[in-house]
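# Coordinate analysis (summary)
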Amino acid sequence: MILTDSVESLKGIGPKTAEVLKKAGIKTVRDFFYNLPRDYENFAAPTSIDKMRPGKVVIRGKIDSLSNRPSRRRHLSITEGVVRDASGSVRVVWFNQSYRMRQFDPEKEYYFSGVFELKNNRYQITSPSAVLVSDVDVGSGLAPIYVAHGAVKSNDFKRLMNNSRERFSEIPDLLPTVAPGTRKEALFKVHFPETVAEATSGREYLAYEELFELILAARLNREENGKLRAAPVPFEVDKIRDFVSKLPFKLTNAQRKAAWEIFQDMEKDTPMNRLLQGDVGSGKTMVAAMAAYEAVNAGHQVALLAPTAILATQHYEGLKDLLGKFGVKTTLLTGAIKEKDALKTKILGGEIDFIIGTHAILTDDTEFKDLGLVIIDEQHRFGVEQRQKLMLKSPDGLAPHLLSMTATPIPRSLQLTVFGDLDVSVLNELPKGRQPIETKILSELEMRDKLYPHMSQIVKTGQQIYWICKAIEDNPKTETTSVKSRQAKLLKLFPNFRIEFLHGRMKPAEKDEVMERFASGKIDILVSTTVVEVGVNVPNATLMVIEDAENYGLAQLHQLRGRVGRGSEKSYCYLLTGEDKSPSRRLMELEKSTDGFYLAEVDLKLRGPGEIYGSLQHGALDLRIATLTDTKLIHKAQTDVMDFLKSGENMLKYEELRAGISKYQQLTTLN
Ligand code: ADP
Ligand code: MG
């Protein structure tokens, strides 16, 4: 079968190009054919320059007056040129694409496709794509646009794909013939569509394939996991009642229900595989603590894995005293902990019940006496191998129960497919007394009048501020303000405030120290990268500024915002945007709503599940085609998978399918 051959077996792809493609993950012929166009341009009817209206345009003309210069305000290079047709001329502008200087032959005609807009009082087409007229398939006028990978640009993909036109006929089907059409037709239509409808139908076939694989993997996982054995943990109602009655607050109903579901799972002799989903601040940690208490009661050890030392420490500080009252011996195990060997001896000896820590727990020499429950906080931060390592630390022949937690709400449609083999508990309720966070989009120009006075007022009342920046250092290539320069600027503005920074390249001990001081109120404004993103809990922080907010995804913005609004005081979030753009739909939705599940649905519609799931799983899963908002397609795939599984031979017959689902299977499997 040709699909597994190296890309180099395709016409026109030599070792050099193959090397670049490999870096982008395109190694085989299959990878190459599945590198689908990001979009299409319709060159069939270009607009004449004098008839252009603001918005997306396609024009056809020659380009001259090309120049390249550094920008004054930020560290950018700007390439400009003038495109002319018979009716007139228009300025075109690119940022950080100096290769455009060498791209054009002034004698030849090109199509330019981009957004025609008024910027800094001049009309221009910003960052248009450009294609030689003679390269466009005259038949349809539809030209695919591919994502550039290093030196291999969209046009190169187009050329290479064209070279392999004949090879499409060799592509075998992946699935039994349950979908109308064949894979070779579908892929061909996507790369060489005659009409937009054709491209869409090709994509739909591929989306169906993808859903089929995903659902099949989830089904098989559920079967496999059902064969594993775990030590049952008896549900001791009285002890739990007593525990709950001694908490400093009343559990929310959602917390009660989730805990109850977990207790039911742990009573079984098959391992629990449950995902606890809850918006930031919904109180997942307390549910985890109850599960841990129950497992320790039954004589087992419990490990709680957190993605950062800051978080692990916070969980430890928050739980050790509470659990200590009930005789649970808790310890912290992070990279920075001293005398690890002595600690590990105690863990192996069973002298410690509850081990809270980071990756340090995963090292081979951390052995348990009887690991009965594994809790993974912010599970999407961990790779498959890391999770599996922990699962293997249980006693011979038994798998520990697994509770994963995430603050990234997963839309229902994704739950059914991607997480079809997980049981899910949802904390859809915040503890009482929380006020919704007020969110405002602010342009940089409004900072002086609206933001700074509010910041001063917050600090004067003894509350604290997070200021989130994208970068650690100023970088000549990006347009973002760094943590360090922002801290310096704020210190000039507010010389009397205690302003410090935090970022991921600081030593773990330094980070912990800064976070510790912020948590104890010794820092007024913490300028930080997204290292504060997950789970950090400082209820006295009531204002958050997210600089260059357009650079983040909706889910991440929502999570970041969740660092405030954790106490009883009203909290605020400002989303800063550049000066000359209207805010994206993402930001406007965030301004409107604080409901994580609603925002997740919006995100799904705006971005598609590939990106959402990609960010959930370290990109381990690459759902590129399917739009899981298409419930009809999901439903069909579900039914077809059930039929497929009825014949035991099918799994053996479809070799490529088997290989394909193994990548999905690893995501949620227990062993
Ligand atoms: P998350 O779900 O984001 O992990 P946490 O578990 O960190 O949320 O809880 C956020 C804060 O809410 C913590 O300070 C915790 O002690 C508190 N909390 C948890 N449950 C309740 C409750 N039922 N009532 C009041 N406060 C609660
Ligand atoms: Mg948390």
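The model shown is predicted, which means the values in this text are computed figures rather than measured ones.

The rules behind the values
Residues numbered from 1 in each chain as written. Chains lettered and ligands numbered in written order. Predicted model: local features only at pLDDT ≥ 70, side-chain atom pairs only at ≥ 80, totals over all residues. Heavy atoms only, no water. Helix = DSSP H or I, 4+ residues; strand = E, 2+ residues; numbered from the N terminus. Buried < 20%, exposed > 50% of the residue type's maximum accessible area, 1.4 Å probe, protein only. Contact = heavy atoms within 4.5 Å. Areas by Shrake-Rupley, 256 points an atom, 1.4 Å probe, with all protein chains shown as cover. Axes fitted to C-alpha atoms, helices over the stretch in contact; angles between N-to-C directions. Parallel < 35°, antiparallel > 145°, perpendicular 65-115°, else oblique. Left-handed = near helix turned anticlockwise from the far one by under 90°. Nonpolar A, V, L, I, M, F, W, Y, C, P; charged D, E, K, R; others polar. Near = heavy atom within 4 Å. Polar contact = N/O pair within 3.5 Å; in protein donor to acceptor, adjacent residues only side chain to side chain. Core = buried A, V, L, I, M, F, W, Y, C linked by side-chain atoms within 4.5 Å. Phe/Tyr/Trp six-rings, centres within 6.5 Å; stacked < 30°, edge-to-face > 60°. Lys NZ or Arg CZ within 6 Å of the ring centre and 35° of its normal. Salt bridge = Lys/Arg side-chain N within 4 Å of Asp/Glu carboxyl O. pLDDT = per-residue confidence, 0-100. Pairing = 2+ DSSP bridges.

Before going further, it helps to examine the overall build of the chain. Across its full length, the chain holds 23 helices and 20 strands. Buried positions account for 53% of the 671 residues belonging to the chain. For the chain, the share of sequence-separated contacts (at least 6 apart) that also reach a separation of at least 24 residues comes to 73%. As displayed, the chain offers around 30,200 Å² of accessible surface, 51% of which is attributable to carbon and sulfur atoms.

On to the packing of helix α5 (residues 183–191) against helix α6 (residues 196–227). A packed helix pair is summarised by two numbers, namely the angle formed by the two axes and the spacing between the axes. Their axes nearest at 7 Å, the elements α5 and α6 cross at an angle of 130°. Comparing the axis directions of α5 and α6 gives the class oblique. In this structure, α5 meets α6 at a crossing whose hand is left-handed. Contacts from R183, A186, L187, K189 and V190 of α5 reach α6 at E198, A199, S201, G202, R203, Y205, L206 and E209. Residue classes in the contact of α5 with α6 are distributed as six nonpolar, two polar and five charged.

All right, on to the site of ligand 1 then. Near ligand 1 there are 16 residues, and of these K250, G281, K284, T285 and N537 occur at the shortest range. With respect to ligand 1, the backbone of K250 contributes an N or O atom lying 2.8 Å from a nitrogen atom. Between ligand 1 and S282 there is a distance of 3.4 Å, counted from an oxygen atom to a backbone nitrogen or oxygen. When its residues are assigned to classes, the shell around ligand 1 shows four nonpolar, seven polar and five charged.

Bringing the packing of helix α10 (residues 309–324) against helix α16 (residues 508–519) into the picture now. Where α10 meets α16, the axes come as close as 9 Å, and the angle between the chain directions of the two elements is 50°. Judged by the inter-axis angle, α10 sits oblique to α16. Crossing hand, α10 versus α16: right-handed. Between α10, through A309, I310 and T313, and α16, the contact on the second element is made entirely by K511, D512 and M515. Residue classes in the contact of α10 with α16 are distributed as three nonpolar, one polar and two charged.

The subject of this paragraph is the environment of G357. Relative to the helices and strands, G357 is located in strand β11 (residues 354–357). Residues contacting G357, with those up to four places away along its chain left out, are L304, L305, A306, A312 and L333.

Residues F354, L373, I375 and L403 are the most contacted members of the largest nonpolar core, which totals 43 residues. At the level of elements, α7 (237–245), α8 (253–266), α9 (284–297), β9 (301–305), α10, β11, β12 (371–376) and β13 (401–406) are the ones that each hand at least two residues to this core. Among the elements that make up this core, the one with the highest residue count is α9 (10 residues). Look past the residues within four positions of L373 in its chain and what remains in contact with it is M266, M272, A291, A292, A295, Q301, V302, A303, P400, H401 and L403.

Once that is clear, we can look at the environment of A488. Locating A488 in the fold gives a position in helix α15 (residues 483–493). By relative accessible area, which is 38% here, A488 ends up partly exposed. The sequence separation of A488 and F501 amounts to 13 residues, and the corresponding C-alpha distance is 9.7 Å.

Attention now goes to the packing of aromatic side chains. Given two aromatic rings, their pairing is described by the distance between the two centres and the angle made by the two planes. Under the defined criterion, the tally for this structure stands at 22 aromatic pairs. For the pair Y452 and F494, a centre-to-centre distance of 6.0 Å together with 85° between the ring planes defines the contact as edge-to-face. On the criterion of sequence distance, the pair formed by Y452 in helix α14 (residues 447–460) and F494 in the loop between α15 and β17 (499–502) is long-range, its members being 42 residues apart. Given a relative accessible area of 14%, Y452 falls into the buried group. Given the relative accessible area of 8%, F494 is considered buried. Each residue in the set F32, F33, Y146, F157, F168, F188 and F192 is aromatic and connected to the rest through ring pairs, giving one cluster. Note that R165 overlies the ring of F192, its terminal NZ or CZ placed 4.3 Å from the centroid. Stacked on the ring of Y552, the Lys or Arg K470 has its end atom at 4.3 Å from the ring centre.

To continue, consider the environment of P409. Checked against the element boundaries, P409 lands in the loop between β13 and α13 (412–417). Judged by relative accessible area, which is 9%, P409 ranks as buried. Each C-alpha atom, one on P409 and one on F597, is 5.5 Å from the other, the two residues being 188 residues apart in sequence. Each residue touching P409, except ones within four places of it in the same chain, is listed here: Q277, G596, F597 and A600.

Bringing the pattern of salt bridges into the picture now. Evaluation of the coordinates by the stated rule reveals 29 salt bridges. We note a salt bridge from D105 to K108, for which the minimum N-O separation is 3.9 Å. Residue E550 pairs with R586 through a salt bridge whose shortest N-O separation is 3.7 Å. Of the two residues, E550 is situated in the loop between β19 (541–546) and α17 (554–561) and R586 in helix α18 (residues 585–592); the sequence distance between them amounts to 36 residues. Where salt bridges share partners, they join R69, E80, R91 and R122 into one cluster.

This paragraph deals with the confidence of the model for the chain. Of all residues in the chain, 89% have pLDDT values of 70 or greater, and the mean over the chain is 85. Ranking the elements of the chain by mean pLDDT puts helix α20 (residues 609–616) last, at 43, and strand β16 (residues 464–468) first, at 97. Counting interchain partners and residues more than four positions distant, the pLDDT-below-50 stretch residues 609–622 has 39 contacts.

On to the sheet that holds strand β10 (residues 330–333), then. One open sheet accounts for seven strands, arranged β10-β11-β9-β12-β13-β8-β14; its pairing is parallel. Of all strands in the sheet, those with a lone pairing partner are β10 and β14 (423–427), marking the two edges. When strand polarity is set aside, the average angle formed by the axes of neighbouring strands in this sheet is 20°. Packing against the sheet, α8 makes contact with β8 (273–278), β12, β13 and β14, and its axis sits at approximately 160° to β14.

The strand order across the open sheet formed by six strands is β15-β20-β19-β16-β18-β17, and the pairing between neighbours is parallel. In this open sheet, the two edge strands, each paired with only one partner strand, are β15 (438–443) and β17. Within this sheet the neighbouring strands show an average axis-to-axis angle of 20°, counted without direction. For β16 and strand β18 (residues 525–528), the ladder comprises four bridges, and the chain directions are parallel. The residue of β18 that forms the bridge with Y466 is L526.

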